[in-house]
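Chain by chain, the residues run as shown.
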Amino acid sequence: KSDDSASGDKVVKIGVFEPQSGDNGAGGKQEILGMQYANKMIPTVTIGGEEYKVELVYADNASSNDKAPTAAQTLISEGVSVVLGSYGSGVSIAAGDTFSAAQVPAIGVTCTNPQVTSDCDVYFRICFLDPFQGTVLANYAKNELKATKAYCLAKQGDDYSGGLANYFIKAFGEENCVYEQFPEGTSDFSTYITNAQQQGCDVFFSPVSLEAAAQIIAKAETQGLGMPILAGDTWDSNVVLEAAKGTSLNICVTTFYQEGVNAEFDSAIKEWINSDATAKTNNGGDDKLSAVTVMGYDAYCVALEAIKAADSTDPAAILAALPGVSYEGITGAISFNDIGDANRDSAVVKKCNTESGNWDFVTVAKVG
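Draft legend 1. Region of interest: the state of the cysteines. Going through the model one piece at a time under the given rule, you end up with zero disulfides. Of the cysteine sulfurs around Cys111, a residue in no disulfide, the closest is that of Cys127, at 5.3 Å.

Listed below in structure tokens is the structure:
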């Protein structure tokens with residue numbers, strides 16, 4: 001699977017299976033940034049006593065479940081040894097069979113839907129899962145926001161938002177939730193906001209894409225939503241900070257990392273983002289650090305640990321080595337359970353500071 005490139009270097013290829021376009025393009029680009037920075041910092045790995053150059057190979061899954069298998073196949077055809085991604089559970093689930101048929105291991109970075117790993121023997125992941133995240137959010141709504149009735153809005157046919165909404169509803173109490181789904185292509189969310197208000201809800205939960213998030217925020221402000229907005233890890237982005245800046249909204253999210261936890265790492269990656277015009281553009285035009293970027297960094301490092309443990313570029317050997325890998329990441333300790341999920345029991349809760357345009361740390365939440 002390795003080749004001698006033109007320069008004569010031995011090369012090991014890591015596939016980057018991420019959306020660079022579509023609904024989740026902005027988030028996918030931010031996740032990729034972490035991998036690119038990791039590749040810049042750790043560009044080689046030793047296999048069989050020889051130094052290999054690590055090459056990132058990209059395939060845009062376009063945030064589309066229909067296009068995901070083709071993107072996955074592209075990476076397999078390119079001879080990658082292991083794959084990272086994707087931002088978006090739906091595309092990860094859709095590509096699972098393709099990776100499985102080729103027995104190429106995939107490491108999910110922030111795809112939180114349980115089916116990513118439960119339905120696929122080659123998928124691992126380094127993030128927490130939606131049943132956990134949904135419970136954390138429901139507990140936060142009840143205990144901290146004192147909400148007794150919740151409005152939940154997901155996108156039709158979207159595994160991530162639909163799945164997370166269902167786990168939230170289960171934990172919050174179905175009888176106390178109003179649940180709606182909007183169709184593909186929706187850009188005006190005013191009727192949903194009006195409905196949440198008319199139904200007398202105390203909290204507005206909508207764990208949807210960044211594209212939809214910005215539109216929901218705009219309408220929530222002009223219509224005077226009048227209740228806190230809660231979302232999952234997708235909303236942890238400067239896209240949301242930018243949209244919410246100067247508004248009167250109260251927005252809280254659950255996520256994987258709080259900027260400032262590792263000040264040394266944070267300042268180094270920000271310096272890189274600021275020094276690289278493309279990186280800055282892909283980060284939405286500033287140097288604010290999204291948790292998905294830090295998770296992308298950790299995922300790359302975990303892939304290298306698996307390659308080292310296998311001492312091979314052969315996907316099958318790396319797949320066999322992955323269950324035993326443990327790594328102390330920037331976002332915490334990473335190891336896997338018997339179905340390839342990360343052993344993680346905590347989520348960061350943070351609140352949008354609409355004046356400063358930053359995230360304020362609220363708490364680290366655990367369940368149980």
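On we go.
Draft legend 2. Spatial organisation of the pattern of salt bridges. Here the structure, examined in full by the defined rule, presents ten salt bridges. Across the salt bridge formed by Glu184 and Lys155, the nearest N and O atoms sit 3.2 Å from each other. With Glu184 in the loop between β9 (177–182) and α7 (190–198) and Lys155 in strand β8 (residues 150–155), this pair connects stretches of sequence that are 29 residues apart. The class for Glu184 is exposed, based on a relative accessible area of 61%. One salt-bridge network, held together by shared partners, links Asp23, Lys155 and Glu184.

Draft legend 3. View of the nonpolar core. In this structure, Ile14, Phe17, Phe99, Phe168, Leu230 and Ile307 are the most contacted members of the largest nonpolar core, which totals 91 residues. Filtering out sequence-adjacent residues up to four positions away, Ile14 remains in contact with Val54, Glu55, Leu56, Val57, Val80, Val82, Leu84, Tyr300, Ala303, Leu304 and Ile307. Of all hydrophobic cores here, the second largest spans 32 residues; its members include Phe182, Ile193, Phe204 and Cys352.

Draft legend 4. Examining the sheet that holds strand β11 (residues 229–231) more closely. Strand order in the open sheet made by the seven strands is β9-β8-β10-β11-β12-β15-β16, with mixed pairing throughout. Every interior strand has two partners, whereas the edge strands, β9 and β16 (358–365), have only one. If you compare each strand with its neighbour and ignore which way they point, the axes differ by 25° on average. Looking at chain direction, strand β10 (residues 203–205) and β11 are connected through two bridges and run parallel. Considered in β11, the bridge of Phe205 is made with Leu230. Contacts between helix α6 (residues 159–172) and the sheet are confined to β8, β9, β10 and β11, with β8 contributing the most and set at about 160° to the helix.

Draft legend 5. Up close: the side chain of Ser209. Position of Ser209 among the secondary structure elements: in the loop between β10 and α8 (210–222). A relative accessible area of 11% places Ser209 in the buried class.

Rules and cut-offs
Residues numbered from 1 in each chain as written. Predicted model: local features only at pLDDT ≥ 70, side-chain atom pairs only at ≥ 80, totals over all residues. Heavy atoms only, no water. Disulfide = S-S within 2.5 Å. Salt bridge = Lys/Arg side-chain N within 4 Å of Asp/Glu carboxyl O. Helix = DSSP H or I, 4+ residues; strand = E, 2+ residues; numbered from the N terminus. Buried < 20%, exposed > 50% of the residue type's maximum accessible area, 1.4 Å probe, protein only. Core = buried A, V, L, I, M, F, W, Y, C linked by side-chain atoms within 4.5 Å. Contact = heavy atoms within 4.5 Å. Pairing = 2+ DSSP bridges. Axes fitted to C-alpha atoms, helices over the stretch in contact; angles between N-to-C directions.

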